[in-house]
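Observations on the model geometry
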There are 2 protein chains.
Amino acid sequence: MKNSLPLNEAQSCVLQHAMPSGTEQIDLLQSLERVLAQEVRSNRDHPPCDISAMDGYAVRAADLNIVPAQLLIVADIKAGDLPMLTVQARQCARIMTGAPVPQGTDTVIRVEDTQAVAADKVQINVSAQTGKDIRRRGENLRTDEVVLTAGTEINPGTLGILAMVKAAEVTVQRRPRVAILSSGDELEGLHDAFDANKIPDANSYALMAQVQALGIQPTLLGIARDTPDDLREKLQQGLQYDVLLVSGGTSVGVHDFVRPTLEQLGVQMHFWRVHMRPGHPVAFGTTAASKVFCLPGNPVSSMVCFEQLVAPALRNMMGYARLFRRTLPVRLAQAVAHRPGHVEFVRVVLSRDADGYLATPTGSQSSGVLLSMARADALLIVPNESKGLAAGDQAMVQILNGTEFEQDNGSIV
Amino acid sequence: MKNSLPLNEAQSCVLQHAMPSGTEQIDLLQSLERVLAQEVRSNRDHPPCDISAMDGYAVRAADLNIVPAQLLIVADIKAGDLPMLTVQARQCARIMTGAPVPQGTDTVIRVEDTQAVAADKVQINVSAQTGKDIRRRGENLRTDEVVLTAGTEINPGTLGILAMVKAAEVTVQRRPRVAILSSGDELEGLHDAFDANKIPDANSYALMAQVQALGIQPTLLGIARDTPDDLREKLQQGLQYDVLLVSGGTSVGVHDFVRPTLEQLGVQMHFWRVHMRPGHPVAFGTTAASKVFCLPGNPVSSMVCFEQLVAPALRNMMGYARLFRRTLPVRLAQAVAHRPGHVEFVRVVLSRDADGYLATPTGSQSSGVLLSMARADALLIVPNESKGLAAGDQAMVQILNGTEFEQDNGSIV
């Protein structure tokens, strides 16, 4: 076991052990944000035949060498029709967007470029290039063509494509089962009687929400008390899950308690400290079937550790290629002090001016102040080697849940 | 009814009619991403008493005027204890992070700054400022203090705070009930028998996924056929919901069909065209109880319309302050042609170099090509008045589902 690691090495270590954990077949309707574990081929040509890209008239381009030209309307074709006729010279068919182009025609003229003459006659005012405004059979998808490969994340567009090839069921990467355990005699559970001297268990719920935000419904194991028996029993229960998150029990004195218990239960510890703040005392261990993260008892530290180490691991297990929070370049609204030796994550709100995004710390950065995390749009990354950042300096932030939306509409007119 | 509107006016019109639609009380465990509809006050002081911020020794700072100093250890206090003793001069208490600071002491010395001397004696090597490493009672939250206001989005940090004040149930904005209807004789449903001449209904499913991505489980009403009776019956059914999304039936010829049917059903139409591409033929109407969006039959157009008009409306109804997709500044990897007169949304993938984000169109921008949407990280905004953008030009993109994560870790070490 390496006691203490830089954050990037801790991330590599965690990801090495967080492999995709099998596949399952699910209903297409439940598949959003899952990752495909199969190749998907088209079951048809799409469009199924040459179709009109516009509302207008299907014509023979050769009839429009001299315009305006008057053509006889011999059919009225809408989407879903199967036109059987063949259109002859000086004839045309009224046609709707998506409707099959009839035999004999080679071009569609938009309705805007025509003029009604009689019930069965239209005047075409423009000539046109052959093939204009026709979408060709198989232009989007050809029968048996691979349209989606394993590893594709199912976003709304992907889900639409799956519906298009009639994949009513899809094989996707399984989601890991996650258990959450808080530890400490000082903790009061959400449904425990009020005790003014206790500290309510916020960690289990903040962690639950972070896990939920990744699409996984975790199991809350409650609070382990500071006795070897209770801790052992709860940890053993937690090791039945693919991933166990234990919060609390990582400060110096308590180590002697959690670590030997985990080791007795067959957990191999990989590290017990990471060069990051908040979140320095974070540990990671594995058994053959399970991964354990020991997160700090402090809610902000625990949440920051989750974002840096647990979330990438869970996303890797679910088969995502994108494991990390998106980063944005920002300017600092105020100075941030820092001593080299660890990466620091400062909770910030984002605002915008003509020069781009501005990041302002959310008040007290004490790791006890969960409000600083609740208010944050992003985590400002203060690099390991930094000696402090000045107001106006460039830096990077990781965007947090909710920050993919903003208040203004990006100045659209 | 205004027939045709610029996008920002269409957005204003839609938002004016999309008011929050009531509140409900739900379990805290189900509250992630909901919007609080109540003020939340603290039920306690937090911390509940003065507690140690570190593992170490609780001391009287006055005893450390000359260091090193040896002190007698008279107690061993861990989190959750209720120490009853008073520490006297030249005495100290071993103390754990989060444990109550005992009477008589005023400062905590970290264990790293001490040295064991005997089982009941410790040598303190540093003097300290009074109050150092003690977190004061009520420092984070005071009893009855407002900690969260109505309108707060419940992110993981907020959910932790709600657990901290023991809000096991919370009052939140209700989610609108949403129905989705596709229309057209050419459409084949997901579970219909294969017909090579039909076009599979992708829209219902892509829209379903877009609605799901906002946290709402919509109802799929299936496919309305191109007969007045079927359309009328299905539209009537859809108007029982808070929001009805109809895809298809917005091209010129079919208007005469959908629009009078909606109007017969008491729908007041507000616009029928928006100066945007794709998505130009999009309509919006309301009844006293319901809102109807008529989206283009084309899946890409329908999805783009959803992002620009429907998503902000649904988020407004759910009480969010952040209604719009976050925009990022990018440089264009290649030229994009444009004629003034409408806002255009180009599907792009994002990459990054030393100068920031680079946007590359995802191949064919034909609105028939759903793959271009499935592959897109973002929608590039080509402004109304633009005469085209050159490679290297600055522009803005709206990030799409999934893009809040990326493949690299932002160069963290």
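None of the values given here were measured: they were computed from a predicted structure. (Residues numbered from 1 in each chain as written. Chains lettered and ligands numbered in written order. Predicted model: local features only at pLDDT ≥ 70, side-chain atom pairs only at ≥ 80, totals over all residues. Heavy atoms only, no water.)

**Some remarks on the interface of chain B and chain A**
- Taken together, the contact pairs 111 residues of chain B with 111 residues of chain A.
- Across the chain B/chain A interface, buried area totals approximately 9200 Å², and carbon plus sulfur atoms make up 63% of it.
- Our enumeration of links across chain B and chain A arrives at 10 salt bridges.
- As a salt-bridge pair, Asp 377 of chain B and Arg 322 of chain A come within 2.4 Å of each other at their nearest N and O atoms.
- At the boundary of chain B with chain A, the tally comes to 40 residue pairs in polar contact (both at pLDDT 80 or more).
- Considering every element that reaches the side of chain B that touches chain A, the biggest residue donor is helix α2 (residues 156-164) of chain B, with eight residues.
- Its residues assigned to classes, the side of chain B that touches chain A comprises 55 nonpolar, 31 polar and 25 charged.
- Direction of pairing for strand β24 (residues 324-325) of chain A relative to strand β30 (residues 405-406) of chain B: antiparallel, over a ladder of two bridges. Residue pairing in the sheet places Arg 325 of chain A in a bridge with Phe 405 of chain B of β30 of chain B. (Contact = heavy atoms within 4.5 Å. Buried area = accessible area lost by both parts, 1.4 Å probe. Salt bridge = Lys/Arg side-chain N within 4 Å of Asp/Glu carboxyl O. Polar contact = N/O pair within 3.5 Å; in protein donor to acceptor, adjacent residues only side chain to side chain. Helix = DSSP H or I, 4+ residues; strand = E, 2+ residues; numbered from the N terminus. Nonpolar A, V, L, I, M, F, W, Y, C, P; charged D, E, K, R; others polar. Pairing = 2+ DSSP bridges.)

**Quick look at the relation of the copies chain B and chain A**
- Mapping chain B onto chain A is achieved by rotating through 180° and translating by 0.0 Å along the same axis, at an RMSD of 0.1 Å. Such a combination of turn and shift is consistent with a two-fold rotation axis. For chain B, the smallest separation between a C-alpha atom and the rotation axis is recorded for Glu 404 of chain B, amounting to 3.2 Å. (Least-squares fit on C-alpha atoms with pLDDT ≥ 70 in both.)

**Notes on the pairing of strand β18 (residues 243-247) of chain A**
Residues and elements named next belong to chain A.
- A large share of β18 lies buried, amounting to five of its five residues.
- Because side chains alternate across β18, one face comprises the buried residues Val 243, Leu 245 and Ser 247, and the other comprises Leu 244 and Val 246, equally buried.
- Strand direction decides the pairing type here: strand β14 (residues 178-183) and β18, joined by five bridges, are parallel. Of the residues in β18, the one forming a bridge with Ser 182 is Ser 247.
- Note: β18 against strand β23 (residues 291-295), five bridges, orientation parallel. (Buried < 20%, exposed > 50% of the residue type's maximum accessible area, 1.4 Å probe, protein only.)

**Regarding the domain arrangement of chain A**
- Domain boundaries assigned for chain A yield domain 1 (4-22 + 175-317), domain 2 (24-45 + 147-173), domain 3 (51-135) and domain 4 (327-399).
- A straight line from the C-alpha centre of domain 2 of chain A to that of domain 3 of chain A covers 37 Å. (Domains from an automatic or database assignment.)

**So, unusual backbone geometry**
- Geometrically, the link from Val 67 of chain A to Pro 68 of chain A is a cis peptide bond, its omega value of -5° lying close to zero.
- Along the chain, Pro 68 of chain A falls in the loop between β5 (56-59) and β6 (69-77).
- Residue Pro 278 of chain B is reached from Arg 277 of chain B by a cis peptide bond, and omega for that bond is -15°.
- If you trace the backbone, Pro 278 of chain B turns up in the loop between β21 (276-277) and β22 (283-286).
- Backbone geometry at Asp 144 of chain B places phi at a positive 75°, although glycine is not the residue there.
- Structurally, Asp 144 of chain B is set in the loop between β11 (134-135) and β12 (146-148).
- A relative accessible area of 47% places Asp 144 of chain B in the partly exposed class.
- For Lys 166 of chain B, which is not glycine, the phi torsion reads 60° and is therefore positive.
- For Lys 166 of chain B, the location among the structural elements is in the loop between α2 and β13 (169-173).

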